[in-house]
Structure formats: structure tokens, C-alpha cells
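# Residue-level structure breakdown
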Amino acid sequence: MLIIRPCKESDLDDLMNISHAVGKGMTSMPADEEAWLEKISASAEAFNSAQPAAQSNTYFMVLEDTATGHLAGTTAIYTGVGLSRPFYSYKISTLVSSSSDLEMIRKTQVLNIVNDYTGSTEVGSIYLLPEYRKPGVGQFLSRARFLTMADFPERFGDQVIAELRGWQDDNGRSPLWDNLGKPFFGIEFQDAVNTAALKGSQFISDLMPKYPIYISLLPQEAQEVIGKPHDFSAPALFMLKKEGFQFSGYVDLFDGGPSVQADTKEIRSVKDSCSSHFQVVSDLPASSQMYLVSNEDLDDYRVALAPGKVTENGDFIIDQATFQALQLAVGGLVRFITMNKSSVRKIHPQAA
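When helices and strands are tallied, the chain shows ten helices and 16 strands. Relative to the 2.2 N^0.38 estimate, which gives 20 Å for 352 residues, the radius of gyration of the chain is 22 Å and therefore close to what a compact globule would have. The principal-axis extents of the C-alpha atoms in the chain amount to approximately 80 × 45 × 40 Å. Here the chain, with 352 residues, has 53% of them falling under the buried criterion. Long-range pairs, those at least 24 residues apart, make up 73% of the contacts in the chain with a sequence separation of at least 6.

Turning our attention to helix α3 (residues 137-151). Here α3 contains 15 residues, and its C-alpha end-to-end distance of 21 Å stays within 8% of the 21 Å for a straight helix at 1.5 Å per residue. The sharpest bend along α3 reaches about 30° and sits at R143. Most of α3 sits inside the fold, with 15 of its 15 residues counted as buried.

By size, the foremost hydrophobic cluster in this structure holds 62 residues, and its most contacted members are F60, L63 and M149. The dominant element in this core, judged by the number of residues it contributes, is α3, at eight residues. Membership of the second largest hydrophobic core comes to 24 residues, among which are W177, A196, I215 and V251.

Let us look at the pairing of strand β10 (residues 258-263). For β10, the tally of buried residues reaches five of six residues, placing the bulk of the element in the interior. Summarising the sheet, strand β9 (residues 246-251) and β10 pair through three bridges and their orientation is antiparallel. What sits directly across from F247, in β10, is V260. The hairpin formed by β9 and β10 contains six residues between the paired strands, and G256 there has a positive phi angle of roughly 75°.

This next bit is on helix α2 (residues 33-46). In this model, α2 (14 residues) spans 20 Å end to end at C-alpha, consistent with the 20 Å of a helix rising 1.5 Å per residue. Looking at where α2 begins, the residue whose side-chain oxygen comes 3.2 Å from the main-chain nitrogen of E34 is D32.

Take the pattern of salt bridges next. Tallied over the full model, the rule gives ten salt bridges. Salt-bridge contacts for R5 lead to E64; the nearest nitrogen and oxygen are separated by 2.5 Å. Note that R5 is positioned in strand β1 (residues 2-6) and E64 in strand β2 (residues 57-65), a separation of 59 residues in sequence. An identical accessibility class is assigned to R5 and E64; each is buried. For E243, the salt bridge goes to R143, with nearest N and O atoms at 3.2 Å. A residue pair is termed long-range when its members are at least 10 positions apart, and E243 in the loop between α8 (234-242) and β9 and R143 in helix α3 qualify at 100 residues. Each member of the pair E243 and R143 is classed as buried.

This part covers the confidence of the model for the chain. Detailed reading of the predicted coordinates is not advisable wherever pLDDT falls low. The pLDDT averaged across the chain works out to 89; a share of 94% of its residues lies at or above 70. Scored below 50 in pLDDT, residues 342-351 makes 42 contacts in the model with residues more than four places away or belonging to other chains.

Glancing now at the side chain of T121. Position of T121 relative to the elements: it lies in strand β6 (residues 121-128). Reaching out from T121, the side chain makes a polar contact with the backbone nitrogen of G157 at a distance of 2.9 Å. Excluding residues within four positions of it along the chain, T121 makes contact with I77, Y78, T79, M149, F156, G157, Q159, V160 and I161.

So, about unusual backbone geometry. We note that E103 has phi near 50°; this positive angle belongs to a residue other than glycine. The topology assignment puts E103 in the loop between β4 (89-99) and β5 (104-114). Judged by relative accessible area, E103 falls into the exposed class, the value being 74%. Its identity as a non-glycine residue notwithstanding, E296 has a phi of 55°, on the positive side. When you line up the elements, E296 lands in the loop between β12 (290-294) and β13 (303-307). Judged by its relative accessible area of 22%, E296 falls in the partly exposed class.

Moving on, we get to the packing of aromatic side chains. Each aromatic ring pair is characterised by the separation of its centres together with the angle its planes make. The final tally for this structure, using the stated rule, is 13 aromatic pairs. Both rings, one in Y59 and one in F156, keep their centres 5.0 Å apart while their planes meet at 50°; by these two values the pair is tilted. In this pair, Y59 is assigned in strand β2 and F156 in the loop between α3 and β7 (159-163), connecting sequence segments 97 residues apart. You can call Y59 buried: its relative accessible area is 0%. When the centroid spacing of 5.8 Å and the interplanar angle of 80° are considered together, the rings of Y291 and F336 count as edge-to-face. Of this pair, Y291 sits in strand β12 while F336 sits in strand β16 (residues 333-338); the two residues are 45 residues apart in sequence, bridging distant segments of the chain. Take Y291: its relative accessible area is 8%, and that puts it in the buried class. The exposure class of F336 is buried, given its relative accessible area of 6%. Between the NZ or CZ atom of K91 and the centre of the ring of Y250, over which it lies, the distance is 5.3 Å.

Conventions and cut-offs
- Residues numbered from 1 in each chain as written.
- Predicted model: local features only at pLDDT ≥ 70, side-chain atom pairs only at ≥ 80, totals over all residues.
- Heavy atoms only, no water.
- Helix = DSSP H or I, 4+ residues; strand = E, 2+ residues; numbered from the N terminus.
- Rg over C-alpha atoms; globule rule 2.2 N^0.38 Å.
- Buried < 20%, exposed > 50% of the residue type's maximum accessible area, 1.4 Å probe, protein only.
- Contact = heavy atoms within 4.5 Å.
- Expected span 1.5 Å × (residues − 1).
- Bend = angle between axes of the 7 residues up to and from the residue.
- Core = buried A, V, L, I, M, F, W, Y, C linked by side-chain atoms within 4.5 Å.
- Pairing = 2+ DSSP bridges.
- Polar contact = N/O pair within 3.5 Å; in protein donor to acceptor, adjacent residues only side chain to side chain.
- Salt bridge = Lys/Arg side-chain N within 4 Å of Asp/Glu carboxyl O.
- pLDDT = per-residue confidence, 0-100.
- Phe/Tyr/Trp six-rings, centres within 6.5 Å; stacked < 30°, edge-to-face > 60°.
- Lys NZ or Arg CZ within 6 Å of the ring centre and 35° of its normal.

This is the structure:
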């Protein structure tokens, strides 16, 4: 069975292997043991009910294959973005100019560096090993984060954002970075990504121009990728839009990938999830409806993709395998939401 749970120190080797597999362009998962140990420690603190929710927390979760004990993927929630380290984005704005002599009105799009998402909750760090990229597993990784928000609403902000990986060519080249970032920083795209991941984004404030950047003055290849997701990110964007996320003109400084946002309480998987008592049976038919099911226990959090059934009185029926995988206690509660088969699509690594 596949379960999602908080990461722990014994996952370090698997997490390092995943970082190497991820490749270029994912700032939240550098192949650096010290960075991973810091993230694991921060996540353990976040998933500790004895600790009050901090302004900035990292809820980093892993997808474990219980048959092997090894990790199959990752997913995460970051609260209070930009409060401990600046969180920069480009905001696409429109300037309107007019000339009475020429009887002309001109509209020009510009990029401004902003910190508008400071304090928001961010979802990201999805990765799935190739052998697990089957229909439904990507959706499981993505939607489990929203089930977590529904379980512990007091720990998450009112607004949730997601940064989609921007368009790059087959060699990992970012046209936006090469034509806009590199002239100011003098470093390659991956070097900039690594610096942001390991040292923060102060260097952006130090070296990036503070004035609006006129998009029309950029080379055409750079203009074309502003707000354009990587081909691999299209399924993730589709899924986020199904949850209610919208694009509001914010893009990533490095590769121009779009950021999308939603009010937490309006996210579909938050609104539609239910909490109830459960009943355990030895087995359920193979044709049973699949659900995302959580144990609602912050200190030992688990989410499973499992068969289930809702009774007439609102109780939720699970099988023995799910009961054991979620490490449930008799008389406890579970939170669940239906797996929508019509929206089952594959999520590629480095998506959101």
C-alpha cells in the first residue's frame, strides 16, 4: 500500500536519491544533506502538536511504499512564505500611455518585482519516481496536502499558492533566465536555482533592477515563456485549476513559470472532505470507490489511498489493511474525500 506521512531522518538516503533524480530547476529539493536534515527537523517540529503553529512552518511529507519500506515520492506544504526569507515574484502589469499629438493610446506589459505572496501558504515539492507514475498516484500526492489543511485549518494561512515549473528546453535551458536574469547576475540558471535553495534570495534584491522591465523589449523567445508552464507541469496545473486555483499574473523570477492561488476555504478538496467515525471490515470488494483517507492525528499523520464506503448514518467503512496502514485507534475519526476518477491524470516530477 502507498501511504503519505511526514518525512523522518531515516528517509535521508532515499531523499538524496530523489534529489538526484529530480534534476535541474527545483529549488525546494537540492541534493544537499545538510539542507535535507534542516528540512526534516523543521517538518518534525511542524508535525508536533505540543508546539504551537509557528509563523513559518515546513510540512514535508513522503510517499512510502509499505511493501518495500522505501520512498516513492514527495509532497509538501510551506506556511508563512517570505517571512523568514524574501519571497519574490514578477507581477505582470499593464501600463497605458497616450499621445494627443499622435492620437494614439498604447498598452505595454511590464514585469515588476513584488513580495505580494508574503505570509501565504505554499504547496509544492511534488516528485514521483518513474515506476510509480500510474493514474491516480499524482492526484493522491497533490490532493493529500489539501486534506491536511482540512484536518488542521488553524495551522495554515487563508491563501494558498503554487508555483509551477516554467518552460525549459530539453537541455534545461530557461530562455527567460538567459535573456533577463543572466545579464544581471552573470551565472547560469542552475547556479541561480542552487543559490536560492541553499542561501536564500537576498542576492536577487542585491542585484536585480528595481524598475519595471518592459516585456516588449525582451527577445521574442523570452517573451513567449513568461507565464508558460513546463510541458511536464500541465497536468499539475489542470489539477490545481480543478481545485479552484487561478492565475493572477504572478510568475517565477528564474524561469517565468506561473503561480496560481486560491482561498484555502474555497479549495474543493478542503470544502468537500468529511470527518466521521469509522468501521472496520476484513475486506472490501475490488470495485469499491477509492478515497483519500487521513487519520487526523498530527503527531503520527498518515494519508492513504484506499477503498471505502459511506454508511447511511455517515460512518466510513475501511478494510483491515487501511486500518493498519493509517495506524488508527478504535473509536477515533478519519477524514475522507472521494477520488474523482474522471480527473485522474499523471503528474510529472518537478510539477508543483
